[in-house]
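Next come the chains, spelled out residue by residue.
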Amino acid sequence: MTTAKFDELGLLPDLLPAITALGYEATSPIQDQAIPVLLSGKDLVAQAQTGTGKTAAFALPILTKIDLKQARPQALVLAPTRELAIQVAEAFQKYAKHMKGFHVLPIYGGQDYRTQLRALERGVHIVVGTPGRVIDHMKRGTLVAAEMKHVVLDEADEMLRMGFIDDVEWILAQTNEARQTALFSATMPGSIQKVAKKYMRDAVEISIKSKTRTVDSIKQYYTLVAREHKVDVLTRVLEIQDVDAMIIFTQTKTMSAELADKLSARGYAAAAINGDMKQALREKVIAQLKKKHLDIVVATDVAARGIDVERVSHVVNYDIPYDSESYIHRIGRTGRAGREGTALLFVSPRERHVLRDIERATRQPIEVMPVPSAHQLNAKRVEKFTESVTYALESRKLEEYRECIEKLIQSTGRSELDIAAALAVLANKDKPLAVKENDKKFEISERESDNKQRRRSPPRGGYNKAPGHSRSRYGDKPEGGRSGKSGGRSYGKPGGRSSDRSEGNRSGGKPGGRFGDKPGGSRPGSGGKPGGRSSDKPGGKFSGKSDGRSSGRSEGKPASRKPKEGRSQDGNRPPKKRIKLG
């Protein structure tokens, strides 16, 4: 598919030098289709993947159509997170570099109201904000929605997922009906389509179809690793891969902070970014990542939303995402606007089914990346060491140390090779050059993972494999059960826990019950009255009382019970012998 050049689309001439300076030569597919629609004044519903240039697709037409002489908000862009709002505002500022007098304002929670109020009073042309803070300003009267000529919903599916859809509808209801509305989303759930039909007029629909739902420039891998080995495996990946900058995703705020501390302790320039941090600190971390003061950011999903740092070469899903949509948004932090990137997913044996779900959702297989071996790690360390020494040999500062080394050789009597090796140890700060770790501890075979899953899962159909077959603390007994007839506690079959009630007794009329088989059985001395304690048949132990309160367990066969040690055949204990103490 051929795309147009920006100077062919009818954009404001002042925008073209900034576009060229940013390195944009031709439009992306979403820009090629969306820009002409928005310039014509029509509403737009656009579905495209994350990182395809959606911001420029709506920012450039808006900048072309606004009136710089009117210093009041003419366009509103709604974003799901603070980071994305800041990112979009920065993009507007870059594109409008040569538009004199242009002002854009990001408004979001966590920032002082007074700063935002002063900027609104001075006059701005475009407001980029999160739904909550935009509603606050509208209710205060500091942001007049009726004057908005353009409204953009950026990352609409993410706003739906975060529960902002009601806020979005409230904002749209306050704006001028004559406004132009554009909706951009990576996915198009039913709720988003309802909002589009309700608040948009004859919207043009654009869908940038792809064989896969992820950007082709992102290489995707997964590594099968046990939870307790994740930090060690991550460290090996950092050593083996040529990482410029990396974003690591965790599920919880606590884990993001803990992992950042562990990586810092291992010598990496890492920091956490999560919802517990103040907005100023989060902005500082992102700025440090851009300026190469940090190389690794450990983040949660919400905190990392909207981060667009050009040098991010790798994204690691340290904790597997709950759904495929989160996975798509996560890996979209790399490989943006045609840049290449690598995405790695850590998968534990119990999470294999989630991996298959992600592959089905993205319509793309994810290749396996084995855990880097000790041999690979040692080879990489030797390569880096050789490069550093070669670079040092080209330095002009060698003369300062030659005389010192010669004296050292004479005084110690050691060879030049020994002295060089000692200096290498000092340079590496006693870090060993070779890894002697056993690789087998990281190995998880397919068979082992399947066995672990089977041990945790019950057999198909539960434990009851046949009718009348129950599993209990008494062992598996065929044909036994708990439910009986007429409110009794057993099936009434041999081997049940007890027989059915019969005429007020819990013992039934079938042989083998522990209680009497016939109600009204008597015991010598009981007077032959009904409800006596013993049965008049051999093999029974006691008959139930007439009120049915006794309980017991049938043995299945009359008199089949083996007497315990120390008891006579009739089941009675022998009398105890009395011992006189002298």
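None of these values were measured; they are calculated from a predicted model. (Residues numbered from 1 in each chain as written. Predicted model: local features only at pLDDT ≥ 70, side-chain atom pairs only at ≥ 80, totals over all residues. Heavy atoms only, no water.)

## Focus on the nonpolar core
Right, so step 1: Formed by 42 residues in total, the largest nonpolar core has its most connected members in Phe58, Leu63, Phe92, Ile126 and Phe184.
Right, so step 2: Every element with two or more residues in this core is listed here: helix H2 (29–39), strand S1 (44–47), helix H3 (54–65), strand S2 (75–78), helix H4 (82–95), strand S4 (126–129) and strand S6 (180–185).
Right, so step 3: In this structure Ile126 touches Ile62, Leu63, Ile66, Ala75, Phe92, Phe102, His103, Val104 and Leu105, once residues within four positions along its chain are discounted.
Right, so step 4: Counting 29 residues, the second largest nonpolar core, distinct from the first, contains Leu105, Val127, Leu153 and Ala196. (Core = buried A, V, L, I, M, F, W, Y, C linked by side-chain atoms within 4.5 Å. Buried < 20%, exposed > 50% of the residue type's maximum accessible area, 1.4 Å probe, protein only. Helix = DSSP H or I, 4+ residues; strand = E, 2+ residues; numbered from the N terminus. Contact = heavy atoms within 4.5 Å.)

## A word on the pattern of salt bridges
Right, so step 1: Within the structure shown, the criterion is met by 18 salt bridges.
Right, so step 2: Between Asp242 and Lys380 there is a salt bridge whose closest N-O contact spans 3.4 Å. With Asp242 in the loop between helix H10 (230–240) and strand S9 (245–249) and Lys380 in helix H16 (residues 374–393), the pair connects residues that are 138 residues apart, well separated along the chain.
Right, so step 3: Overall, the relative accessible area of 62% leaves Asp242 in the exposed class.
Right, so step 4: Exposure remark for Lys380: the relative accessible area of 15% places this residue in the buried category. (Salt bridge = Lys/Arg side-chain N within 4 Å of Asp/Glu carboxyl O.)

## Brief notes about the pairing of strand S5 (residues 150–153)
Right, so step 1: Burial along S5 is two-sided: the face carrying His150 and Val152 and the face carrying Val151 and Leu153 are both buried.
Right, so step 2: Judged from the four bridges that link them, S5 and S6 form a sheet pairing that is parallel. Across the sheet, the residue bridging to Val151 is Thr181, located in S6. (Pairing = 2+ DSSP bridges.)

## Considering the packing of aromatic side chains
Right, so step 1: For the structure shown, the criterion picks out four aromatic pairs.
Right, so step 2: A connected cluster of aromatic rings, assembled from ring pairs, spans Phe58, Phe92 and Phe184.
Right, so step 3: The ring of Tyr113 carries the charged tip of Arg140 above its face, separated from the ring centre by 4.2 Å.
Right, so step 4: Cation over ring: Lys230 sits above Tyr318, and NZ or CZ is 5.3 Å from the ring centre. (Phe/Tyr/Trp six-rings, centres within 6.5 Å; stacked < 30°, edge-to-face > 60°. Lys NZ or Arg CZ within 6 Å of the ring centre and 35° of its normal.)

## What to know about the packing of helix H6 (residues 131–140) against helix H8 (residues 165–174)
Right, so step 1: Packing of H6 against H8 brings their axes to within 10 Å, and their N-to-C directions diverge by 35°. The way H6 lies across H8 gives a crossing that is left-handed. Across the interface between the two elements, Pro131, Val134, Ile135, Met138 and Lys139 of H6 pack against Asp167, Val168, Trp170, Ile171 and Gln174 of H8.
Right, so step 2: When its residues are assigned to classes, the contact of H6 with H8 shows seven nonpolar, one polar and two charged. (Axes fitted to C-alpha atoms, helices over the stretch in contact; angles between N-to-C directions. Left-handed = near helix turned anticlockwise from the far one by under 90°. Nonpolar A, V, L, I, M, F, W, Y, C, P; charged D, E, K, R; others polar.)

## So, the confidence of the model for the protein chain
Right, so step 1: Model confidence for the protein chain is summarised by a mean pLDDT of 77, while 72% of its residues fall at 70 or above.
Right, so step 2: Here residues 446–559 is a poorly scored stretch, pLDDT under 50, and it has 173 contacts once near neighbours within four places are set aside; other chains count. (pLDDT = per-residue confidence, 0-100.)

## What to know about H2
Right, so step 1: Every buried residue of H2 is accounted for by Ile30, Gln31, Asp32, Ala34, Ile35, Val37 and Leu38.
Right, so step 2: In this structure, the buried residues of H2 make contact with S1, H3, S6 and strand S7 (204–207).
Right, so step 3: Immediately downstream of H2, the backbone of Gly41 shows phi near 95°, a positive value.

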